[in-house]
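Coordinate analysis (summary)
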Amino acid sequence: MTEPRPCILIPVYNHPDSITAVCASVAHFQLPILLVDDGCDAECARVLDQLAAQGHHLLRLPHNRGKGAAVRAGLQQAEELGFTHALQIDADGQHAVADLPAFLGIPRQCPHSLAIGYPRYDDSVSRLRFYGRYATHMWVWINTLSRDIRDSMCGARLYPVREVNALLRRHSCGDRMDFDTEVLVRWHWSGGLLHNLPVRVHYPADGVSHFRLWRDNLRISAMHARLFFGMLRQLPRLLARRWRRDPGALAE
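Now for a look at the structure at hand. (Residues numbered from 1 in each chain as written. Predicted model: local features only at pLDDT ≥ 70, side-chain atom pairs only at ≥ 80, totals over all residues. Heavy atoms only, no water.)

Observations concerning the packing of aromatic side chains
Under the convention used in this document: Any Phe, Tyr or Trp ring, taking Trp's six-membered ring, that has another such ring centre within 6.5 Å forms a pair; planes under 30 degrees apart are called stacked, those over 60 apart edge-to-face, and the others tilted. Only DSSP runs of H or I covering at least 4 residues are called helices, and only runs of E covering at least 2 are called strands; the numbering of each starts at the N terminus. Should the NZ of a Lys or the CZ of an Arg lie within 6 Å of a ring centre and within 35 degrees of the ring normal, that charge is described as sitting over the ring.
According to the stated counting rule, one finds two aromatic pairs in the structure shown. Here Trp-139 and Phe-228 contribute two aromatic rings whose centre-to-centre distance is 5.9 Å and whose plane-to-plane angle is 75°, an arrangement assigned as edge-to-face. Separated by 89 residues along the polypeptide, Trp-139 in helix α6 (residues 127-144) and Phe-228 in helix α9 (residues 213-233) bring together distant segments of the chain. Considering the side-chain rings of Phe-228 and Phe-229, the 5.6 Å spacing of their centres and the 70° angle between planes classify their relative orientation as edge-to-face. Among the aromatic residues, those joined into a cluster by ring pairs are Trp-139, Phe-228 and Phe-229. We note Arg-147 situated over the ring of Trp-141; from NZ or CZ to the ring centre the distance is 4.0 Å.

Pasting the structure below:
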């Protein structure tokens, strides 16, 4: 078995006030950090240049393309740099660093598995954000005929780089907020292994959100519709897989 060589992947779009602290918070893991500048403004770009001068990898995209495009570019760069796994976290520091070692243990246990975080929220989460996620959860459960993916929107996840890049060469999975969900559904359809791991999430009071209500909800709705019709084409295979796992489930 190839010795795992993980890195930490952080897509960044205008988080100048938090990204330095986020990098410092994971320094004790002694892993390379790959920052993807998704067309940041001059202030944040200067901060990223300073971090690159400290030895972190920096991939700079010429203009803002969206989180999905940034992650996709980062995964490609990670493979070119020889990394086997990429632990993705968000640039605003919302994920509890103490919960990340469980993700980093996956490559040795199951090197071809994709590990997904499912949030454990504190009081900083808004009710709208908390309950609004359930529409996506329900569509994901429909489109996979399972509840194997506990949460498809959490930004903390560990990707097996080579395998996910192979999937992304067949399906780009969107450039913006739709990417996070679509890549997991298509990974599930392909028969890829999944681990769901809890991660505590705190939303900073002065945090920057790049979610655009109308634009991103339209993209996400279109993505769910696209996946639904894709699920219908794969229905016999998905039903057969579920039958193999639990012969009694389809008879209930």
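Quick word on the sheet that holds strand β6 (residues 157-160)
This is how the line gets drawn: At least two bridges found by DSSP between two strands is the condition for calling them paired. All axes here are fitted lines through C-alpha atoms, helices being fitted over the stretch that makes contact, and every angle between N-to-C directions spans 0 to 180 degrees. Here, two residues are considered to be in contact whenever any of their heavy atoms come within 4.5 Å of each other.
Reading across from one edge, β3-β2-β1-β4-β6-β5-β7 is the order of the seven strands in this open sheet, with mixed pairing throughout. Only two strands of the sheet have a single neighbouring strand rather than two, namely β3 (57-61) and β7 (194-201). Averaged over all neighbouring strand pairs, the angle between strand axes comes to 20°, with direction disregarded. Direction of pairing for strand β2 (residues 33-38) relative to β3: parallel, over a ladder of five bridges. Bridge assignment links Val-36 to a residue of β3, and that residue is Leu-59. Across the sheet, helix α3 (residues 67-80) touches β1 (6-12), β2, β3, β4 (85-88) and β6, and the angle it forms with β2 is around 140°. Most of the contacts of helix α8 (residues 178-189) go to β6, to which it runs at about 50°, and overall it touches β4, β5 (114-121), β6 and β7.

Some points on the pairing of β2
Applied cut-off: For each residue, the accessible area found with a 1.4 Å probe, counting protein chains only, is set against the maximum for its type, and the residue is called buried under 20%, exposed over 50%, and partly exposed in between. Call a crossover right-handed when, viewed with both strands pointing away from you, the route from the first strand across the helix to the second goes clockwise.
With six of six residues buried, β2 is to be regarded as a mostly interior element. Across the two faces of β2 the burial is the same, with Ile-33, Leu-35 and Asp-37 and Leu-34, Val-36 and Asp-38 all buried. Direction of pairing for β1 relative to β2: parallel, over a ladder of five bridges. Opposite Val-12, over in β2, you have Asp-37 as the bridge partner. Handedness of the crossover joining β1 and β2 through helix α1 (residues 19-25) is recorded here as right-handed. Taken together, β2, helix α2 (residues 42-53) and β3 form a β-α-β motif whose crossover is right-handed.

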